[in-house]
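Residue-level listing of the chains:
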Amino acid sequence: MKILFMGTPDFAVPSLEALVAAGHTICGVFTQPDKPKNRGMKLLPTPVKECAMSHDIPVFQPVKLRDGTALAQIQALAPQLIVVAAYGRILPQDILDCPPLGCINVHSSLLPKYRGAAPINWAILNGDRVTGITIMHMAAALDAGDIISQTETEVGPDETAPELTARLAELGGKLLVETVGKIEAGTASRTAQDESQVTLAPMLDRELSPMDFTRPAQALHDQVRGLIPWPAATTQVGGVRCKIFATSVEPGTGRPGTVLEAGKGGLLVACGEGALRVLELQPDGGKRMRSADYLRGHPLEIGSTL
């Protein structure tokens, strides 16, 4: 099938690779413009652009989608189907209407749960034990199109957002190829989403970072896992703001925020329910490290409060 692919981050790469490996003709790739990164502010290509270039696929990086330029490029490419995976832009209706077989999207949740920009993070933040991938027809409303196919996977108890993202990306690529095959054969199903079951997964921000130790330890553990790598869960350790990157839930009692242990085993803090062991942290202006190493230079007294 002749397909136009739209995607930007690492999550989208397995989907593009899977389509190529399945023998589909990728007539072009749309991805976000290159952005400056690192100290030299050198323009770096997106992961999807790098993948496309490795397969000699034409790359397009429009700054705007509503001025007619992108539509003209798509019309010239004449794809039968547009596949979108974490492109980062909302497609206008004229583009949605362009390919004869429509536009489909690889979404990293079990829709209608977690429509929006950060479904993987919110699944972890909310302590979900199951998530998955949805392939859907794209509609004008955000993530509201009819469902074609879904696949589920369990969320590991200590799995972080980057780890789950990588796993779901691979699952998405596999499900995408199966789904495109059904679309090509004319056997793909189409199921409207149940609007009564819709939940949202808005963009993350730093307001989610501060840790409240009156909450259960499990909720804080989920907060840490769900906010990696950005904006990261934060707390004050001995008066120094630290990002927290690894924790475990353990038995323990005490006034919430009270230090129960501070030594070779790291930092154990009492919570509203249970206790949270901080295993890795990063103080402001410092490097990410084991909390036990940090405590050697910044000792805390048992019974002190974070």
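Quick caveat: nothing in here was measured; it's all calculated off a predicted structure. (Residues numbered from 1 in each chain as written. Predicted model: local features only at pLDDT ≥ 70, side-chain atom pairs only at ≥ 80, totals over all residues. Heavy atoms only, no water.)

**Student:** Help me understand the packing of helix 1 (residues 13–21) against helix 6 (residues 161–185), please; the structure alone is not making it clear to me.
**Tutor:** Relative orientation and spacing of two packed helices are given, respectively, by the angle between their axes and the distance between those axes. At their nearest, the axes of helix 1 and helix 6 sit 8 Å apart, and the two run at 35° to each other. The hand of the helix 1/helix 6 crossing is right-handed. Each of Pro14, Ser15, Ala18 and Leu19 in helix 1 lies in contact with helix 6, whose residues at this interface are Ala169, Glu170, Gly172, Gly173, Leu176, Val177 and Val180. Classifying every residue of the contact of helix 1 with helix 6 gives seven nonpolar, three polar and one charged. (Axes fitted to C-alpha atoms, helices over the stretch in contact; angles between N-to-C directions. Helix = DSSP H or I, 4+ residues; strand = E, 2+ residues; numbered from the N terminus. Left-handed = near helix turned anticlockwise from the far one by under 90°. Contact = heavy atoms within 4.5 Å. Nonpolar A, V, L, I, M, F, W, Y, C, P; charged D, E, K, R; others polar.)

**Student:** Before we go on, may I ask you to explain the nonpolar core in this structure?
**Tutor:** Note on soluble globular proteins: their nonpolar side chains tend to be buried together. Core analysis: the largest hydrophobic core is formed by 33 residues, its most contacted members being Phe5, Leu16 and Ile104. The biggest single contributor to this core is helix 6, with eight residues. Sequence-distant contacts of Ile104, that is, excluding residues within four places in its chain, are made with Leu81, Ile82, Val83, Val84, Ile135, Met136, His137, Met138, Ile148, Leu176, Val180 and Ile183. If you look at the next biggest cluster of nonpolar residues, it comprises 22 residues, including Ala232, Cys242, Cys271 and Leu281. (Core = buried A, V, L, I, M, F, W, Y, C linked by side-chain atoms within 4.5 Å. Buried < 20%, exposed > 50% of the residue type's maximum accessible area, 1.4 Å probe, protein only.)

**Student:** Looking at this model, I keep getting lost on unusual backbone geometry. Mind explaining?
**Tutor:** For residues that are not glycine, phi is negative in most cases, and the peptide bond is trans in most cases. Ile228 connects to Pro229 through a cis peptide bond whose omega is 5°. Among the secondary structure elements, Pro229 is positioned in the loop between helix 7 (217–226) and strand 10 (233–237). Of note in the backbone geometry, Ala78 takes a positive phi value of approximately 50° without being a glycine. Secondary-structure assignment places Ala78 in the loop between helix 3 (69–77) and strand 6 (81–85). Within the chain, Tyr114 stands out as a residue other than glycine whose phi angle is a positive 65°.

**Student:** Is there a simple way to think about helix 3 in this case?
**Tutor:** For an α-helix, the turn length of 3.6 residues means that residues three or four places apart are oriented alike. Considered for burial, the residues of helix 3 that qualify are Ala70, Leu71, Ile74 and Leu77. With its buried residues spanning 125° around the axis, helix 3 presents them on a single face. Buried residues along helix 3 sit against strand 1 (2–7), strand 2 (25–30), strand 5 (59–60), strand 6 and helix 4 (93–96). (Arc of directions from axis to C-beta.)

**Student:** Is there a simple way to think about the pattern of salt bridges in this case?
**Tutor:** Where charged atoms of side chains with opposite charge meet at close range, the side chains can pair. Applying the stated criterion to the full structure yields 12 salt bridges. A salt bridge links Arg190 to Asp146, with the nearest nitrogen and oxygen atoms 2.8 Å apart. Residue Arg190 is located in the loop between helix 6 and helix 7, and its partner Asp146 is located in the loop between strand 8 (130–137) and strand 9 (147–154); the two are separated by 44 residues in the primary sequence. What makes Asp146 partly exposed here is its relative accessible area of 23%. The closest approach of N and O atoms between Glu159 and Arg167, which form a salt bridge, is 2.7 Å. Residue classification places Glu159 among the buried residues on the basis of a relative accessible area of 11%. Salt bridges sharing common partners tie together Glu250, Glu261 and Arg277. (Salt bridge = Lys/Arg side-chain N within 4 Å of Asp/Glu carboxyl O.)

**Student:** Sorry, what's going on with the sheet that holds strand 6 here?
**Tutor:** By definition, the strands of a sheet pair up through backbone hydrogen bonds, in either a parallel or an antiparallel sense. With respect to topology, seven strands assemble into an open sheet ordered 5-2-1-6-7-8-9, the strand pairing being mixed. In this open sheet, the two edge strands, each paired with only one partner strand, are strand 5 and strand 9. Relative to strand 8, strand 7 (residues 103–107) runs antiparallel, the two sharing four bridges. From the neighbouring strand, His107 faces strand 8, where its bridge partner is Thr134. Running over the sheet, helix 3 touches strand 1, strand 2, strand 5 and strand 6 and is turned about 170° from strand 2. Together, strand 1, strand 6, strand 7, strand 8 and strand 9 form the strand contacts of helix 6, whose direction differs from that of strand 8 by roughly 35°. (Pairing = 2+ DSSP bridges.)

**Student:** Whenever I open this one, the packing of helix 1 against helix 2 (residues 47–54) confuses me. Can you help?
**Tutor:** At their nearest, the axes of helix 1 and helix 2 sit 9 Å apart, and the two run at 20° to each other. With respect to helix 2, the axis of helix 1 lies roughly parallel. Relative to helix 2, the crossing made by helix 1 is right-handed. In contact with Val13, Leu16 and Glu17 of helix 1, helix 2 contributes Pro47, Val48, Cys51 and Ala52. Its residues assigned to classes, the contact of helix 1 with helix 2 shows six nonpolar, no polar and one charged. (Parallel < 35°, antiparallel > 145°, perpendicular 65-115°, else oblique.)

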